[in-house]
Amino acid sequence: MPRRVTKTKTFAGCWTCRRRKVKCDSRRPLCRRCGDSCEGYAVALHWIGGEDERPCEVKRKAMLIYDPRLPVHADLEEVDRMLDELEAIVNLVGEGAVGAFSAFAYDCVLGDGRRNDSPRILEESLDDMQLELVGGQVMCLPSELSVHVEPAMTELMHNYIHVVADLLQPTHHSQNPYRSLYVPKAMDAAAALLLVGVSGTPSHVGTALLHALLAVSAFHMHRHCPSESRYNQGRLHRLKAIESLQLSITEGNIDFHTTMSAMLSMVSIDLMEGSMSDFWIHLDGCEKLLSVVKQNRSPGTDQLLTICSFMGTLSRSTDPYLPPKPWKGDPVTIEGLLAKSPFFPDNHSLEFTYGITATLASYMDLTICLSQHLCYYTTNYIPIPDSLERAISTTHNALTSWSITDEPLSSVPPDDTETLSLLRCHILAFHAALVIHFYTLTNWDPAVRTGADYNHICVTNLLAAETLKSSVSTRSGWNAMAPIVWPGFIAACEAAVDQRPLWRTWWVNVQRYCIGSISILWDVVQEVWDSDGYDGMPGPRWMAVLRRSGRRVMSGG
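Along each chain, the written sequence defines residue order, and numbers are assigned to residues from 1. Under the rules for a predicted model, residues below a pLDDT of 70 receive no local features and side-chain atom pairs below 80 are neither given nor counted, while totals for whole chains, interfaces and linings still include all residues. With hydrogens and water excluded, all non-hydrogen atoms of the structure serve as input to the side-chain values.

Below, the discussion takes up the overall build of the protein chain. A tally of regular secondary structure across the protein chain gives 21 helices and 4 strands. Relative to its 557 residues, the protein chain shows a buried fraction of 48%. Counted over contacts in the protein chain with a minimum sequence separation of 6, partners at least 24 positions apart contribute 67%. Counting from the N terminus, the helices are DSSP H or I runs at least four residues long and the strands are E runs at least two residues long. Exposed residues in this analysis have more than 50% of their type's maximum accessible area, buried residues have under 20%, and partly exposed residues fall in between, with area computed by a 1.4 Å probe over protein chains only. Any two residues having at least one pair of non-hydrogen atoms within 4.5 Å are treated as being in contact.

Following this line, the structure appears as structure tokens:
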């Protein structure tokens, strides 16, 4: 009797060949037998409709399921990377169990203070759903798209967009760079990470910017309401931002604009946390990118370059270790001295971003440069060149003759009187502090080194700005907007004893903004006040305190 051959069934073929019950050559992505009609090899799932439904019926139904929107390929390296990140988060934050695949203890406090003990699930129909980014940009999601958004990340990004972005600049404005420049690029990366089918693998630099913004938000929430978990979130996102920024350098086609945005946001992390440990490193990196970004202009480039230049100027203005530089006999007219300034008079974004005009920013940059030249000759006991003395005198005359009436302040509509009043307070405070800065750095006249009149102008305008915000915020819908405290730092350090009560009132009041750098700068001011023996010594009083402790500080950003 001939031996019966037992046929074996294979399940490696495509779905079309399986349904036709024919042999499949298993060629990917489409088999040759079926050609364009091949339905592929993706795993098809079918939910059992009831307890009486048999598995064989489920299998037959599954063979008929086909949806081209479902993912058909899984990158194993990407899965491994995600699992490694998951393990790192669990090790840092702590593990728990919520749902079938969760690794975290869920802890969500609603806006009214009540605790929500169950994870939020995105249940809205996505047919009509849109994600509004900023500046009128809207991302329309494909219909019936499956979305999973991590609640912690959503909360941090919401806090950044609606709270931190307004907090980081002194006046409300539609062109807020923290919202209009940084958030759209970060949201592109978030879409690729969180929304299946919207985008591909996010760029490393986009991911770096996203995590940098999340870190800023986490540290702000920690300072507002101290929490170890929030602090750990900030540390984690900062580490991920640094890692992604380092990986972006290996990318062949570098997005210089996003790279600069990420670096500037890394500075914001340092200032929000208050560590003041590496902001100058990121600013040095931005300085190296400036020439490249200027050659690759795109929408928002001018504003980005202005932010980068002014943050660098702010950093240098309180650097106790600026290197001396010899004077090269440059022109001594004010036009000639300002010719190399990175701030152009027709660029008004500095007004609403930092509360200073481009003219005053140019005077600040020039004052720093002149102090470096002057230091070269005084430290080496070399006679000061006459042309340098004339340049210092010319700068003094231009700075003290400046008037706010010469500034157009065109960044704010003329009918927005409340914002204009707030902006004028900040600008007048900046000017007064800048005159004091000039006196102390150049040792222009020891008899007026404290600049008593300018000190009074500075503190009264800063106090007026806070009063104005308190009275108008409810009526006009202003969010909290922290001042750039550079004027308060420069002037308060040089304040006479009888002026310090007003300064103490202002400094204590601005601590409510929960920005780490403000707290650190107030500590330095108090150290200056508590120190004796600095009267009559050349140079700013804050410089001696910072040199003694080996620290660097910065305001703004």
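Further notes follow.
Right, let's talk about the nonpolar core for a bit. Tyr182, Leu264, Phe310, Tyr354, Phe489, Trp503 and Trp507 are the most contacted members of the largest nonpolar core, which totals 125 residues. Per-element accounting of this core gives the leading share, 13 residues, to helix 16 (residues 417–442). The domain boundaries here were taken from an automatic or database domain assignment. Counting only domains with at least three residues in this core, you end up with domain 2 (149–292 + 303–318) and domain 3 (320–556). The residues contacting Phe489, other than those within four sequence positions of it, are Thr318, Trp507, Leu521, Val524, Val525, Trp542 and Val553. Definition used in this section: a nonpolar core is a set of buried Ala, Val, Leu, Ile, Met, Phe, Trp, Tyr and Cys residues joined via side-chain atoms within 4.5 Å.

With respect to the helices and strands, Thr258 occurs in helix 9 (residues 256–273). Look at Thr258 and you get buried, because its relative accessible area is 4%. N or O atoms within 3.5 Å of each other form a polar contact, as long as, within protein, one can give a hydrogen and the other can take it, and as long as residues adjacent in sequence are counted only when both atoms are side-chain atoms. Separated by 2.6 Å, the side chains of Thr258 and Asp255 make a polar contact. Discounting residues that sit within four places of it in the chain, Thr258 has contacts with Lys185, Val205, Gly206 and Leu209.

Positionally, Ser248 belongs in helix 8 (residues 228–248). Polar side-chain contacts of Ser248 include one of 2.6 Å to the backbone oxygen of Leu245.

Bringing the pattern of salt bridges into the picture now. Every case where a carboxyl oxygen of Asp or Glu lies within 4 Å of a side-chain nitrogen of Lys or Arg is listed as a salt bridge. For the structure on display, the rule yields 10 salt bridges. Taking the shortest distance from any N to any O, the salt bridge between Glu39 and Arg19 comes out at 2.8 Å. Of this pair, Glu39 sits in the loop between helix 1 (15–20) and helix 2 (55–63) while Arg19 is found in helix 1, placing the two residues 20 residues apart along the sequence. When its relative accessible area of 23% is taken as the criterion, Glu39 is described as partly exposed. Note that Asp166 is salt-bridged to Arg179, the shortest N-O span being 3.0 Å. Of the two residues, Asp166 sits in helix 4 (residues 151–167) while Arg179 sits in helix 5 (residues 177–180), which places them 13 residues apart along the sequence.

Here we come to helix 10 (residues 279–295). Expected span, for any helix, means 1.5 Å times one less than how many residues it has. Relative to the 24 Å expected for 17 residues at 1.5 Å per residue, helix 10 spans 25 Å between its end C-alpha atoms, a close match to the ideal helical length. At every residue, the bend is computed as the angle between two fitted axes, covering the seven residues ending there and the seven beginning there respectively. Residue Leu289 marks the point of greatest curvature in helix 10, where the axis turns by about 40 degrees. When we look at burial in helix 10, the residues that qualify are Phe279, His282, Leu283, Gly285, Cys286, Leu289, Leu290 and Val293.

Moving on: the confidence of the model for the protein chain. In the predicted model, the protein chain carries a mean pLDDT of 80, and the fraction of residues at 70 or more is 73%. The predictor attaches a confidence to each residue, and that confidence, scored 0 to 100, is pLDDT. Predicted confidence in the protein chain is weakest over strand 1 (residues 108–109), with a mean pLDDT of 40, and strongest over helix 19 (residues 500–510), with 97. Note on residues 58–73: pLDDT is under 50 here. Beyond four places in sequence and across chains, it has 20 contacts.

As a further point, take the environment of Phe279. Position of Phe279 among the secondary structure elements: in helix 10. Excluding residues within four positions of it along the chain, Phe279 makes contact with Val267, Asp270, Ser315, Arg552, Val553 and Met554.

Topologically, Ala190 is positioned in helix 6 (residues 182–194). The class of Ala190 is buried, set by a relative accessible area of 9%. The spacing of Ala190 and Thr207 is 17 residues in sequence and 7.5 Å in space, taken between C-alpha atoms.

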